[in-house]
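Spelled out from the first residue to the last, the chains are:
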Amino acid sequence: MERGMIHLYSGDGKGKTTAAVGIAVRAAGRNKKIVFCQFLKNNQSGEIPILTSVQGIETILDYPVSGFTFSMNRQQKEQTALEQREKWKKAVQLSRNVDLLILDEAIAAVNGGFLPLTWVTEFLKSKPETLEVVLTGRNPPPEIVSLCDYYSEINVKAHPYEKGIPAREGIEF
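Draft legend 1. Expanded view of the overall build of the chain. From N to C terminus, the chain includes six helices and six strands. Mapped from its N terminus to its C terminus, the chain presents α and β elements in the order β-α-β-α-β-α-β-α-α-β-α-β. Radius of gyration (C-alpha) of the chain: 16 Å, near the 16 Å computed for a compact globule of 173 residues. Over its C-alpha atoms, taken along the principal directions, the chain stretches across nearly 50 × 35 × 30 Å. Of all 173 residues assigned to the chain, the portion counted as buried reaches 42%. Of the roughly 9,900 Å² of accessible surface on the chain, a fraction of 50% belongs to carbon and sulfur atoms. Averaging the coordinates of the 21 positive side-chain charges in the chain and doing the same for the 20 negative ones gives two points 1 Å apart.

Draft legend 2. Main features of the side chain of T17. With respect to the helices, strands and loops of the structure, T17 is situated in helix α1 (residues 16–29). Since its relative accessible area comes to 12%, T17 is described here as buried. If sequence neighbours within four positions are ignored, T17 has contacts with F36, Q38, K41, E47, D104 and T136.

Draft legend 3. Spotlight on the environment of K16. With respect to the helices, strands and loops of the structure, K16 is situated in helix α1. Separated by 117 residues in sequence, K16 and V133 have C-alpha atoms that sit 14 Å apart. For K16, the contacting residues outside a window of four places in its chain are Y9, S10, G11, T136, G137, R138 and I154.

Draft legend 4. Just the sheet that holds strand β4 (residues 100–104), in detail. Strands sit in the order β3-β2-β4-β5-β1-β6 across an open sheet of six strands; the sheet is parallel. In the strand order of this sheet, the two ends are held by β3 (57–60) and β6 (150–153), each with one partner. Between one strand axis and the next, the sheet turns by 15° as a mean value, whatever way the strands run. Pairing between strand β2 (residues 34–38) and β4: five bridges, direction parallel. Directly across from F36, in β4, lies its bridge partner I102. Each of β2, β3 and β4 is contacted by helix α3 (residues 74–94), which is oriented at about 160° to β3, the strand it contacts most. Its contacts with the sheet place helix α5 (residues 117–126) against β1 (6–10), β4 and β5 (132–136), and it is angled at close to 155° to β5.

Definitions and limits used
Residues numbered from 1 in each chain as written. Predicted model: local features only at pLDDT ≥ 70, side-chain atom pairs only at ≥ 80, totals over all residues. Heavy atoms only, no water. Helix = DSSP H or I, 4+ residues; strand = E, 2+ residues; numbered from the N terminus. Rg over C-alpha atoms; globule rule 2.2 N^0.38 Å. Buried < 20%, exposed > 50% of the residue type's maximum accessible area, 1.4 Å probe, protein only. Areas by Shrake-Rupley, 256 points an atom, 1.4 Å probe, with all protein chains shown as cover. Lys, Arg positive; Asp, Glu negative; His and termini not counted. Charge placed at Lys NZ, Arg CZ, Asp CG, Glu CD. Contact = heavy atoms within 4.5 Å. Pairing = 2+ DSSP bridges. Axes fitted to C-alpha atoms, helices over the stretch in contact; angles between N-to-C directions.

Shown next as structure tokens:
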């Protein structure tokens, strides 16, 4: 029995979700079962149609977020927290029967107060032994970092946004 490891892709650069998608595709190519769960996103990113069409990958796309969290009022934040916690529960439940669990932007959900840090750390400590887990997001709490086997920082050195160029469909989303 192979021990599943914990991966973390963090930093202010582009590519955290892309790296997670790459692992999902690689695992699917080896007939692994994957759950891909995105937090705090609107389910409209370009990777979603491909991931939903790949045999062996189950996506959790419940509760799309309709705006940036910094622009939400208190009621919207409370509703979003309820929805993101439901996603979390579904991902954890499904993780019992898969090889790879991807928790895209779970770190943002924790940092924004939408997911309790203790939920994430307790899950990582007690996950099924063979389950591989990937988390993405900026500014991970040290409690999560300390549990990771892989920790990659993706740092921006240059980005078109700095020149006033907005996110481009098919490249950034």
